[in-house]
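Residues per chain, in single letters:
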Amino acid sequence: MVSIKGGHKRLITGVIATATAGLALGAFALSGTANGATESAEAAGAGKHAKPTVILEHGAFADGSSWNGVIADLRADGYPVVAAANPLRGPASDAAALRTVLDHVKGPKIVVGHSYGGNVISEAATDDPEVKALVYVAAFLPAPGESALELTNKYPGSTLPGTLDPVTYQQADGTTATDLYIQQDKFHHQFAADVPSGQAALMAAEQRPIAQAALEEKATTAAWKTIPSWDIVTTEDLNIPPAVQRFMAKRAHTHTTEVAASHSVAVSHPHLVADVIERAARATVR
(Lines give C-alpha, C1' and ligand atoms only; values in the text may rest on other atoms or scores of the structure.)
Protein backbone atom coordinates (compact mmCIF):
# COMPACT_ATOMS: atom_id res chain seq x y z
CA MET A 1 0.00 0.00 0.00
CA VAL A 2 1.43 3.33 -1.06
CA SER A 3 0.17 6.73 -0.03
CA ILE A 4 0.07 9.19 -2.92
CA LYS A 5 -0.59 12.72 -1.82
CA GLY A 6 -2.90 14.92 -3.89
CA GLY A 7 -5.05 17.89 -2.98
CA HIS A 8 -6.99 15.74 -0.48
CA LYS A 9 -4.10 13.48 0.57
CA ARG A 10 -5.91 10.55 -0.97
CA LEU A 11 -4.87 7.02 -0.07
CA ILE A 12 -4.42 4.73 -3.07
CA THR A 13 -4.30 0.98 -2.49
CA GLY A 14 -2.50 -1.54 -4.67
CA VAL A 15 -0.34 1.02 -6.43
CA ILE A 16 3.36 0.70 -7.11
CA ALA A 17 4.84 4.16 -7.73
CA THR A 18 8.31 4.64 -9.15
CA ALA A 19 9.93 7.94 -10.12
CA THR A 20 12.42 7.87 -12.99
CA ALA A 21 14.99 10.44 -14.15
CA GLY A 22 13.90 12.35 -15.68
CA LEU A 23 -5.37 16.04 -24.96
CA ALA A 24 -12.35 19.01 -32.64
CA LEU A 25 -12.73 22.24 -33.59
CA GLY A 26 -15.62 23.79 -31.65
CA ALA A 27 -16.56 20.42 -30.17
CA PHE A 28 -15.21 19.86 -26.71
CA ALA A 29 -16.73 19.00 -23.37
CA LEU A 30 -16.09 21.47 -20.60
CA SER A 31 -15.77 21.21 -16.87
CA GLY A 32 -17.50 24.53 -16.32
CA THR A 33 -17.03 26.66 -19.44
CA ALA A 34 -14.30 27.69 -21.80
CA ASN A 35 -14.64 31.20 -20.46
CA GLY A 36 -14.17 29.84 -16.97
CA ALA A 37 -10.80 28.42 -17.94
CA THR A 38 -9.84 31.70 -19.60
CA GLU A 39 -10.99 33.69 -16.59
CA SER A 40 -8.75 31.55 -14.39
CA ALA A 41 -5.75 32.61 -16.44
CA GLU A 42 -6.84 36.25 -16.30
CA ALA A 43 -7.12 36.00 -12.53
CA ALA A 44 -3.50 34.96 -12.44
CA GLY A 45 -2.59 38.05 -14.41
CA ALA A 46 -4.45 40.13 -11.84
CA GLY A 47 -2.18 38.83 -9.13
CA LYS A 48 -4.42 36.08 -7.80
CA HIS A 49 -3.14 32.56 -7.39
CA ALA A 50 -4.66 30.45 -10.17
CA LYS A 51 -4.00 26.85 -11.09
CA PRO A 52 -3.18 25.71 -14.61
CA THR A 53 -5.95 24.42 -16.84
CA VAL A 54 -5.88 20.66 -17.36
CA ILE A 55 -6.62 19.59 -20.94
CA LEU A 56 -7.69 15.92 -21.25
CA GLU A 57 -7.47 14.01 -24.55
CA HIS A 58 -9.19 10.62 -24.68
CA GLY A 59 -8.03 7.77 -26.87
CA ALA A 60 -9.58 5.18 -29.17
CA PHE A 61 -12.72 3.24 -28.20
CA ALA A 62 -13.56 5.93 -25.62
CA ASP A 63 -14.96 9.44 -25.30
CA GLY A 64 -14.75 12.38 -22.91
CA SER A 65 -16.87 10.62 -20.29
CA SER A 66 -13.95 8.30 -19.59
CA TRP A 67 -12.43 11.20 -17.63
CA ASN A 68 -15.47 11.82 -15.40
CA GLY A 69 -13.93 10.59 -12.16
CA VAL A 70 -10.66 12.40 -12.85
CA ILE A 71 -12.49 15.64 -13.66
CA ALA A 72 -14.44 15.45 -10.39
CA ASP A 73 -11.23 15.19 -8.36
CA LEU A 74 -9.42 17.93 -10.29
CA ARG A 75 -12.35 20.33 -9.97
CA ALA A 76 -12.64 19.60 -6.25
CA ASP A 77 -9.01 20.64 -5.95
CA GLY A 78 -9.55 23.89 -7.85
CA TYR A 79 -8.26 23.00 -11.31
CA PRO A 80 -10.09 24.26 -14.42
CA VAL A 81 -10.60 21.30 -16.79
CA VAL A 82 -11.37 20.86 -20.49
CA ALA A 83 -12.04 17.36 -21.85
CA ALA A 84 -11.38 17.67 -25.57
CA ALA A 85 -13.24 15.63 -28.21
CA ASN A 86 -10.70 13.57 -30.14
CA PRO A 87 -11.81 12.96 -33.78
CA LEU A 88 -9.70 9.75 -33.91
CA ARG A 89 -8.89 10.23 -37.60
CA GLY A 90 -5.10 10.51 -37.50
CA PRO A 91 -2.37 12.06 -35.33
CA ALA A 92 -1.75 15.09 -37.56
CA SER A 93 -5.40 16.10 -38.06
CA ASP A 94 -6.34 15.23 -34.49
CA ALA A 95 -3.44 17.31 -33.20
CA ALA A 96 -4.62 20.24 -35.33
CA ALA A 97 -8.06 19.93 -33.72
CA LEU A 98 -6.53 19.79 -30.25
CA ARG A 99 -4.43 22.87 -30.95
CA THR A 100 -7.64 24.88 -31.45
CA VAL A 101 -8.51 23.99 -27.87
CA LEU A 102 -5.03 24.78 -26.59
CA ASP A 103 -5.08 28.14 -28.38
CA HIS A 104 -8.53 28.98 -27.00
CA VAL A 105 -7.65 28.34 -23.36
CA LYS A 106 -5.21 30.97 -22.18
CA GLY A 107 -2.56 30.61 -19.54
CA PRO A 108 -0.49 27.66 -18.36
CA LYS A 109 -1.78 24.20 -19.20
CA ILE A 110 -1.16 20.59 -18.23
CA VAL A 111 -1.97 18.34 -21.21
CA VAL A 112 -3.02 14.74 -20.57
CA GLY A 113 -3.44 11.94 -23.11
CA HIS A 114 -4.84 8.43 -22.73
CA SER A 115 -3.82 5.63 -25.10
CA TYR A 116 -3.79 6.92 -28.71
CA GLY A 117 -4.36 10.36 -27.17
CA GLY A 118 -0.68 10.20 -26.30
CA ASN A 119 0.16 10.36 -30.01
CA VAL A 120 -2.04 13.42 -30.32
CA ILE A 121 -0.70 15.41 -27.39
CA SER A 122 2.87 14.62 -28.40
CA GLU A 123 2.27 16.51 -31.65
CA ALA A 124 -0.21 19.16 -30.54
CA ALA A 125 1.90 20.43 -27.64
CA THR A 126 5.14 20.78 -29.61
CA ASP A 127 6.56 24.30 -29.38
CA ASP A 128 3.68 25.54 -27.19
CA PRO A 129 5.23 27.57 -24.37
CA GLU A 130 1.98 27.52 -22.36
CA VAL A 131 2.05 23.71 -22.03
CA LYS A 132 4.01 23.20 -18.86
CA ALA A 133 3.76 19.43 -18.49
CA LEU A 134 2.53 16.36 -20.33
CA VAL A 135 0.86 13.41 -18.59
CA TYR A 136 0.59 10.11 -20.43
CA VAL A 137 -2.01 7.65 -19.13
CA ALA A 138 -1.56 4.10 -20.46
CA ALA A 139 -0.52 5.96 -23.57
CA PHE A 140 1.75 6.04 -26.59
CA LEU A 141 4.83 8.25 -26.54
CA PRO A 142 5.95 7.89 -30.15
CA ALA A 143 9.20 9.21 -31.52
CA PRO A 144 9.17 10.82 -34.97
CA GLY A 145 8.70 8.10 -37.58
CA GLU A 146 6.86 5.69 -35.25
CA SER A 147 3.19 4.69 -35.38
CA ALA A 148 0.88 3.38 -32.67
CA LEU A 149 0.65 0.04 -34.48
CA GLU A 150 4.42 -0.27 -34.72
CA LEU A 151 4.88 0.47 -31.03
CA THR A 152 2.13 -1.94 -29.98
CA ASN A 153 3.90 -4.75 -31.81
CA LYS A 154 7.34 -3.93 -30.41
CA TYR A 155 6.82 -6.44 -27.59
CA PRO A 156 4.27 -9.28 -27.32
CA GLY A 157 1.21 -9.08 -25.11
CA SER A 158 -1.53 -7.14 -26.92
CA THR A 159 -4.69 -9.17 -27.50
CA LEU A 160 -6.50 -6.24 -29.13
CA PRO A 161 -6.36 -7.47 -32.78
CA GLY A 162 -8.53 -10.50 -32.03
CA THR A 163 -11.26 -8.36 -30.46
CA LEU A 164 -11.63 -5.75 -33.20
CA ASP A 165 -14.75 -5.23 -35.29
CA PRO A 166 -13.72 -3.45 -38.54
CA VAL A 167 -16.28 -1.42 -40.47
CA THR A 168 -15.35 -0.43 -44.04
CA TYR A 169 -17.21 2.41 -45.71
CA GLN A 170 -17.04 4.66 -48.77
CA GLN A 171 -15.84 8.21 -48.31
CA ALA A 172 -17.14 11.29 -50.14
CA ASP A 173 -14.29 11.11 -52.66
CA GLY A 174 -15.14 7.52 -53.56
CA THR A 175 -12.26 5.89 -51.71
CA THR A 176 -12.82 3.42 -48.90
CA ALA A 177 -11.74 3.62 -45.29
CA THR A 178 -12.03 1.39 -42.26
CA ASP A 179 -13.11 2.25 -38.73
CA LEU A 180 -12.24 -0.03 -35.84
CA TYR A 181 -14.47 -0.86 -32.87
CA ILE A 182 -13.97 -3.42 -30.10
CA GLN A 183 -16.61 -6.14 -30.19
CA GLN A 184 -19.02 -5.31 -27.40
CA ASP A 185 -19.02 -8.80 -25.88
CA LYS A 186 -15.23 -8.65 -25.61
CA PHE A 187 -14.91 -5.04 -24.48
CA HIS A 188 -14.99 -5.67 -20.73
CA HIS A 189 -12.17 -8.18 -20.66
CA GLN A 190 -10.06 -6.47 -23.30
CA PHE A 191 -10.36 -2.81 -22.41
CA ALA A 192 -11.74 -2.44 -18.89
CA ALA A 193 -11.29 -5.65 -16.91
CA ASP A 194 -11.12 -3.84 -13.55
CA VAL A 195 -14.25 -1.73 -14.21
CA PRO A 196 -17.63 -3.02 -12.92
CA SER A 197 -19.37 -5.04 -15.63
CA GLY A 198 -22.39 -2.74 -15.85
CA GLN A 199 -20.22 0.31 -16.33
CA ALA A 200 -18.04 -1.50 -18.85
CA ALA A 201 -21.15 -2.44 -20.84
CA LEU A 202 -22.08 1.23 -21.08
CA MET A 203 -18.56 2.07 -22.18
CA ALA A 204 -18.75 -0.61 -24.87
CA ALA A 205 -22.01 0.79 -26.21
CA GLU A 206 -20.68 4.35 -26.16
CA GLN A 207 -17.24 3.67 -27.64
CA ARG A 208 -16.06 5.85 -30.52
CA PRO A 209 -14.22 4.13 -33.38
CA ILE A 210 -10.75 4.99 -34.54
CA ALA A 211 -9.74 5.09 -38.18
CA GLN A 212 -7.48 2.15 -38.93
CA ALA A 213 -5.21 4.56 -40.80
CA ALA A 214 -4.72 6.56 -37.60
CA LEU A 215 -2.94 3.64 -35.97
CA GLU A 216 -0.62 3.37 -38.97
CA GLU A 217 0.19 7.08 -39.35
CA LYS A 218 3.71 7.98 -38.26
CA ALA A 219 4.49 10.67 -35.75
CA THR A 220 6.35 13.75 -36.95
CA THR A 221 7.21 15.43 -33.64
CA ALA A 222 7.64 14.45 -29.99
CA ALA A 223 6.77 17.14 -27.46
CA TRP A 224 8.02 14.91 -24.63
CA LYS A 225 11.55 15.64 -25.79
CA THR A 226 11.32 19.23 -24.51
CA ILE A 227 8.36 19.31 -22.07
CA PRO A 228 8.53 17.66 -18.63
CA SER A 229 6.49 14.46 -18.76
CA TRP A 230 4.75 12.08 -16.37
CA ASP A 231 3.56 8.59 -17.29
CA ILE A 232 1.15 6.06 -15.76
CA VAL A 233 2.08 2.53 -16.82
CA THR A 234 -0.71 -0.06 -16.51
CA THR A 235 0.70 -3.49 -15.77
CA GLU A 236 -2.53 -5.42 -16.53
CA ASP A 237 -3.01 -3.71 -19.90
CA LEU A 238 -4.16 -5.91 -22.82
CA ASN A 239 -4.07 -3.10 -25.42
CA ILE A 240 -0.59 -1.63 -25.01
CA PRO A 241 1.71 -4.25 -23.46
CA PRO A 242 3.37 -3.13 -20.21
CA ALA A 243 6.80 -3.80 -21.73
CA VAL A 244 6.01 -1.33 -24.50
CA GLN A 245 4.82 1.26 -22.00
CA ARG A 246 7.96 0.86 -19.92
CA PHE A 247 10.17 1.15 -23.02
CA MET A 248 8.54 4.45 -24.01
CA ALA A 249 8.60 5.84 -20.47
CA LYS A 250 12.27 5.05 -20.03
CA ARG A 251 13.18 6.54 -23.40
CA ALA A 252 11.28 9.76 -22.61
CA HIS A 253 12.75 10.02 -19.10
CA THR A 254 9.27 10.42 -17.63
CA HIS A 255 8.30 10.51 -13.98
CA THR A 256 6.68 7.10 -13.98
CA THR A 257 3.95 5.54 -11.84
CA GLU A 258 3.07 1.86 -12.27
CA VAL A 259 -0.31 0.48 -11.27
CA ALA A 260 -1.90 -2.97 -11.57
CA ALA A 261 -4.76 -1.76 -13.76
CA SER A 262 -6.42 -2.33 -17.11
CA HIS A 263 -6.17 0.01 -20.09
CA SER A 264 -9.13 1.95 -18.60
CA VAL A 265 -7.13 3.16 -15.63
CA ALA A 266 -8.75 6.62 -15.67
CA VAL A 267 -12.09 4.91 -15.02
CA SER A 268 -10.92 2.28 -12.53
CA HIS A 269 -8.37 4.46 -10.69
CA PRO A 270 -9.48 8.10 -11.16
CA HIS A 271 -7.96 9.27 -7.88
CA LEU A 272 -4.53 7.97 -8.87
CA VAL A 273 -4.72 9.61 -12.29
CA ALA A 274 -5.82 12.92 -10.79
CA ASP A 275 -3.02 12.75 -8.23
CA VAL A 276 -0.36 12.26 -10.91
CA ILE A 277 -1.77 15.18 -12.92
CA GLU A 278 -1.68 17.39 -9.85
CA ARG A 279 1.88 16.37 -9.08
CA ALA A 280 2.88 17.39 -12.60
CA ALA A 281 1.11 20.71 -12.13
CA ARG A 282 2.75 21.45 -8.78
CA ALA A 283 6.18 20.59 -10.13
CA THR A 284 5.99 22.80 -13.21
CA VAL A 285 3.67 25.74 -12.49
CA ARG A 286 4.75 28.19 -9.80
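Residues numbered from 1 in each chain as written. Predicted model: local features only at pLDDT ≥ 70, side-chain atom pairs only at ≥ 80, totals over all residues. Heavy atoms only, no water.

A. Geometry of the environment of Val267. Secondary-structure assignment places Val267 in helix α10 (residues 265–268). Val267 sits 198 residues away from Gly69 along the chain, and the two C-alpha atoms are 6.6 Å apart. Every residue in contact with Val267, bar those within four places of it in the chain, is listed here: Ser66, Val195, Gln199 and Met203. (Helix = DSSP H or I, 4+ residues; strand = E, 2+ residues; numbered from the N terminus. Contact = heavy atoms within 4.5 Å.)

B. Region of the structure containing the nonpolar core. Counting 49 residues, the largest nonpolar core has Ile55, Phe61, Leu98, Leu134, Ile210 and Trp224 as its most contacted members. Broken down by element, this core gets its largest block of residues, 4 residues, from helix α3 (residues 91–104). In contact with Trp224, not counting residues within four places along its chain, are Ser122, Leu134, Tyr136, Leu141, Pro142, Ala143, Ser229, Arg251 and Ala252. The next biggest cluster of nonpolar side chains, apart from the first, holds 29 residues, and it includes Ile71, Ala83, Val137 and Ala281. (Core = buried A, V, L, I, M, F, W, Y, C linked by side-chain atoms within 4.5 Å. Buried < 20%, exposed > 50% of the residue type's maximum accessible area, 1.4 Å probe, protein only.)

C. Representation of helix α2 (residues 68–76). Of all the residues in α2, the buried ones are Val70, Ile71, Asp73 and Leu74. Around the axis of α2, the buried residues are gathered within 165° of arc, so they sit on the same side. Where α2 ends, the next residue or the one after it, Gly78, has phi of about 90°, a positive value. (Arc of directions from axis to C-beta.)

D. Seen up close, the sheet that holds strand β11 (residues 210–211). One open sheet holds the 3 strands; their spatial order is β9-β10-β11, and the pairing between them is antiparallel. Each edge of the open sheet is held by one strand with a lone partner, namely β9 (164–170) and β11. Judged from the 2 bridges that link them, strand β10 (residues 176–182) and β11 form a sheet pairing that is antiparallel. From the neighbouring strand, Asp179 faces β11, where its bridge partner is Ala211. (Pairing = 2+ DSSP bridges.)

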